Amino acid sequence: MLKIENLKAGIEEVKILNGIDLSVNAGEVHAIMGPNGSGKSTLSAVIAGNESYEVESGSIIFEGEDLLELDPDQRAHKGVFLSFQYPVEIPGISVSNFLKAAISEKRKQLGLDPISAKDLLGKMREKMELLNMKKGYLSRNMNEGFSGGEKKRNEIFQMAMLEPKLAILDETDSGLDIDALKIVANGVNKLKNKKNATIVITHYQRLLDYIIPDYVHVLHNGRIIKSGGKELALELEEKGYDWITKEADKKWG
Amino acid sequence: MGLIEAIKKYNLTNPISNVENSDAFTYFLNNGIPTNKNEEWKYTSLKQLVSNDFSVEAEGEEISQEELDKSTLKTENQIIFLNGEMVQKPEIDGVSITSYTDKNPSFEDAFTALNAAYAKNGYRIHVEKNVHLNDSIEVIFLSKNTTNNFIQYRNRIDLNENSSIKIIEHFKCLDKNLCFTNSLTNINLEKSSNIEFNKLQNHNDFQIVVDNTIINQDEKSYSTINTLLLGGKFTRNNLSFYQNGEYCESNMNGVVILNNNEFGDNHTYVDHKKANCESNELYKGIYLNKSKGVFNGKIMVRPDAQKINAFQANNNLLLSENSSINSKPQLEIYADDVKCSHGCTIGQLDDDALFYMRTRGINKDDAKTILTFAFASEAIEKLTIAELADITKKEMEKKLNLSLN
């Protein structure tokens, strides 16, 4: 589904990603872990198409098409979704109107008939239930005055509504208490199927107790320095990052 | 012949007989049309526009019923002026509506002086005590000419004790010649009266407007002036409130959206003279292409005006590198127990918000439109007449579509 090859990218003069290789297949959950500043959020921003970052070389092939050739909205239409670490507040537009705009545009681009207001509302209600969301939430302004937990839940709610093929969850666990974390993780697990894939980006192992990854990758200085199964996350939790980052630093300097 | 020469020529054929008007005219001649040297006109220049050939108070061309129907908002109560003449007014119990000539005109600057000297057209609305009007009164000034024309209106609205009214006012020019309107409206609010005055300024590329609105408020009176500056070659609004009694409230709400080479200037003034009063001011400006804006909000708090609450905000969105806004809050506070706040922001659309929306599949232009609407929504939501909110939104959408594509 996704194949990233030798991806190098940065912001202005600063190089952040120094050659990323990553393959993700449908039905898989990948966790990307790493210390602060290792390039985790940059990787997710570049996949989603944030124009603040410059891609120096490499490719991101998603279902046979190079995402780097596409605008962020076109990537979304293809089925890429990014759950933001810091969701943006957009005063003046309600959650329901925001989603209506997003879904209408996606359906239009995919050549599908517009969804009726009734069906859309029904779907919103169903997904709200999945995430234990309160009534009245749909008419609130997008992320405005939301608590940290509400913002993260709102990200997963949008994911549920947009039904992406590839979901990237950037530090979705940060700022969540354990109850909220369980709700969010439960939502993500219920949305998982054989046709979609998830990349979970996290600093801590905690989230991976609830969203079980098939693969774990360690990112350091813009490179994936180690990959393994879910047991790698536990090892990192126990030993920290130093033991592998030091080894990697020796190799790449 | 430029505007000044045209006015002098008009004076020769229309000599002034009484001393008040003559004093006003002398003041105008001595001061002339304000230039950038005048602090109140520092960023606002009429120099080029008034060098065009003008007629003064030209007779005008016939306006058809069809043209009229297309121009009004089709409300129940309409005051209609065609080429300066009142041709229609509603009959309402407890409200007297007449055409108006100010017998004792006052002035404070060149334009109000010129208006005092020569304005002979206008309306007077007088609302009797305890009369509350549910339906709004629409005032439309329509004109049509074969030359560039300068026209003046002078209006007066009096609300007796405990009465209320809503007004929508708009000016339309139907020809493709410059149409320069210099209007002045005096509003006098007695105790516990309430006015909502809506200025719908969706002017065309030929309209030049200098508008003066002066509101005198007695105790416990309540005023709201909504200014919807949605287009026009040149607009200068002078809006002044004088709070002459305690416990009154003055509200100003503005939406400005300009495109191409349009220019809009909102000068507001609140004179807090008495204690326990409030003023609230919110102006939202959106500037596209080469449009330019000016905002100047002055709040005066006199020594007797204790325990007043004055709030002012002017937020501006510049959607093009060539657009500009000069925004100046001015506070003069001579009382010590007051709450005053003011804030002015100038910015572009938030790139993070745009990116966020695009990752959800909303295309760039739509995302910009949604964010721009969101920016203006706080001011639009304050409009109580749904049709005016709709007109404002449609005009915004039209302008955004034109400039984004």
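Our structure is the block above this text.
Given the structure is predicted, the values throughout are model-derived calculations rather than measurements.

Novice: How would you explain the packing of helix α4 (residues 117-130) of chain A against helix α5 (residues 148-162) of chain A if you had to name every residue and give the values?
Specialist: All names here are of chain A. Contact geometry of α4 with α5 gives a least axis separation of 10 Å together with a crossing angle of 135 degrees. With respect to α5, the axis of α4 lies oblique. Where α4 crosses over α5, the two elements pack in a sense that is right-handed. Of α5, the residues touching α4 (which contributes Leu120, Lys123, Met124, Lys127 and Met128) are Phe157, Ala160 and Met161. Of the residues in the contact of α4 with α5, the class split is six nonpolar, no polar and two charged.

Novice: Tell me about the nonpolar core, residues and numbers included.
Specialist: Ranked by internal contacts, the top residues of the largest apolar core, which has 112 residues, are Ile4(A), Ile20(A), Ile90(A), Phe157(A) and Ile199(A). Considering every element that reaches this core, the biggest residue donor is helix α7 (residues 364-380) of chain B, with eight residues. Beyond its immediate stretch of four places on either side in the chain, Ile4(A) contacts Ile20(A), Asp21(A), Leu22(A), Leu43(A), Ile47(A), Ser59(A) and Ile60(A). Formed by 33 residues, the second largest nonpolar core is a distinct cluster that contains Met86(B), Ile137(B), Val139(B) and Phe241(B).

Novice: With reference to specific residues and values, describe the sheet that holds strand β10 (residues 194-202) of chain B.
Specialist: Residues and elements named next belong to chain B. If you trace the 10 strands from one edge of the open sheet to the other, you get β3-β2-β6-β8-β10-β12-β14-β16-β18-β20, paired in mixed fashion. Of all strands in the sheet, those with a lone pairing partner are β3 (85-88) and β20 (339-347), marking the two edges. Put simply, the sheet's adjacent strands are angled 10 degrees from each other on average, direction ignored. Judged from the three bridges that link them, strand β2 (residues 77-82) and β3 form a sheet pairing that is antiparallel. Pairing of leucine 82 across the sheet is with glutamate 85, part of β3.

Novice: Describe in detail the sheet that holds strand β10 (residues 197-202) of chain A, supporting the description with residues and values.
Specialist: Residues and elements named next belong to chain A. Here we have six strands laid out as an open sheet, ordered β6-β9-β10-β3-β11-β12, and mixed in their pairing. Strands with a single pairing partner mark the edges of an open sheet, and in this sheet they are β6 (80-83) and β12 (223-228). Ignoring strand direction, the axes of neighbouring strands in this sheet form an average angle of 20 degrees. Note that strand β3 (residues 29-33) and β10 share five bridges and pair parallel. Residue pairing across strands places isoleucine 32 opposite isoleucine 201, the latter belonging to β10. Most of the contacts of helix α8 (residues 242-252) go to β12, to which it runs at about 130 degrees, and overall it touches β11 (215-220) and β12.

Novice: So what about the interface of chain A and chain B? Which residues, and what values?
Specialist: The partner chain B presents 18 residues to the 30 residues of chain A that form the contact. For the chain A face of the interface with chain B, the top three residues by lost area are Asp73(A), Phe84(A) and Val88(A), together amounting to 25%. The tally of links from chain A across to chain B stands at four salt bridges. Across the pair Asp73(A) and Arg358(B) runs a salt bridge whose closest N-O atoms are separated by 3.0 Å. For the interface between chain A and chain B, the tally reads 10 residue pairs in polar contact (both at pLDDT 80 or more). Of all elements in the fold, only α1 (40-48), α2 (72-78), β6, β7 (90-94), α3 (95-109) and α5 of chain A reach the threshold of two or more residues within the side of chain A that touches chain B. Here the residues of the side of chain A that touches chain B sort into 18 nonpolar, seven polar and five charged.

Novice: Just give me the short version of the side chain of Asn115(B), but keep the residues and values in it.
Specialist: The residue Asn115(B) is located in helix α5 (residues 110-118) in this model. Apart from residues no more than four positions distant in its own chain, Asn115(B) is found in contact with Gln152(B), Tyr153(B), Arg154(B), Asn182(B), Ser183(B) and Leu184(B).

Novice: Can you break down the state of the cysteines residue by residue, with the values?
Specialist: All names here are of chain B. Counted under the stated rule, the structure contains one disulfide over all chains. Between cysteine 173 and cysteine 179 runs a disulfide, and the two sulfur atoms are separated by 2.0 Å. One disulfide, between cysteine 173 and cysteine 179, carries an S-S torsion of -45 degrees and so falls in the left-handed class. Among the residues examined, cysteine 173 registers a relative accessible area of 8% and is labelled buried. Residue cysteine 277 stays outside any disulfide, its sulfur separated by 3.5 Å from that of cysteine 248, the closest cysteine. Cysteine cysteine 340 is unpaired, with the sulfur of cysteine 277 as its nearest cysteine sulfur at 12 Å.

Novice: Give me the pattern of salt bridges: which residues, what numbers.
Specialist: Counted under the stated rule, the structure contains 28 salt bridges over all chains. Here Arg358(B) makes a salt bridge to Glu51(A), at a shortest N to O gap of 3.3 Å. Of this pair, Arg358(B) sits in helix α6 (residues 351-359) while Glu51(A) sits in the loop between α1 and β4 (54-62), placing the two residues on different chains. It is possible to trace a salt-bridge network through shared partners that takes in Glu51(A), Asp71(A), Asp73(A) and Arg358(B).

Novice: So what about helix α6 (residues 178-191) of chain A? Which residues, and what values?
Specialist: All names here are of chain A. Look at α6: 20 Å from first C-alpha to last across 14 residues, which is about the 20 Å you get at 1.5 Å a residue. Inspection of α6 places Ala180, Leu181, Ile183, Val184, Ala185, Gly187, Val188 and Leu191 among the buried residues, and these make up the whole buried set. One side-chain oxygen of the residue at the start of α6 lies 3.2 Å from the amide nitrogen of aspartate 179, identifying that residue as aspartate 177.

Parameters at a glance
Residues numbered from 1 in each chain as written. Chains lettered and ligands numbered in written order. Predicted model: local features only at pLDDT ≥ 70, side-chain atom pairs only at ≥ 80, totals over all residues. Heavy atoms only, no water. Axes fitted to C-alpha atoms, helices over the stretch in contact; angles between N-to-C directions. Helix = DSSP H or I, 4+ residues; strand = E, 2+ residues; numbered from the N terminus. Parallel < 35°, antiparallel > 145°, perpendicular 65-115°, else oblique. Left-handed = near helix turned anticlockwise from the far one by under 90°. Contact = heavy atoms within 4.5 Å. Nonpolar A, V, L, I, M, F, W, Y, C, P; charged D, E, K, R; others polar. Core = buried A, V, L, I, M, F, W, Y, C linked by side-chain atoms within 4.5 Å. Buried < 20%, exposed > 50% of the residue type's maximum accessible area, 1.4 Å probe, protein only. Pairing = 2+ DSSP bridges. Buried area = accessible area lost by both parts, 1.4 Å probe. Salt bridge = Lys/Arg side-chain N within 4 Å of Asp/Glu carboxyl O. Polar contact = N/O pair within 3.5 Å; in protein donor to acceptor, adjacent residues only side chain to side chain. Disulfide = S-S within 2.5 Å. Expected span 1.5 Å × (residues − 1).

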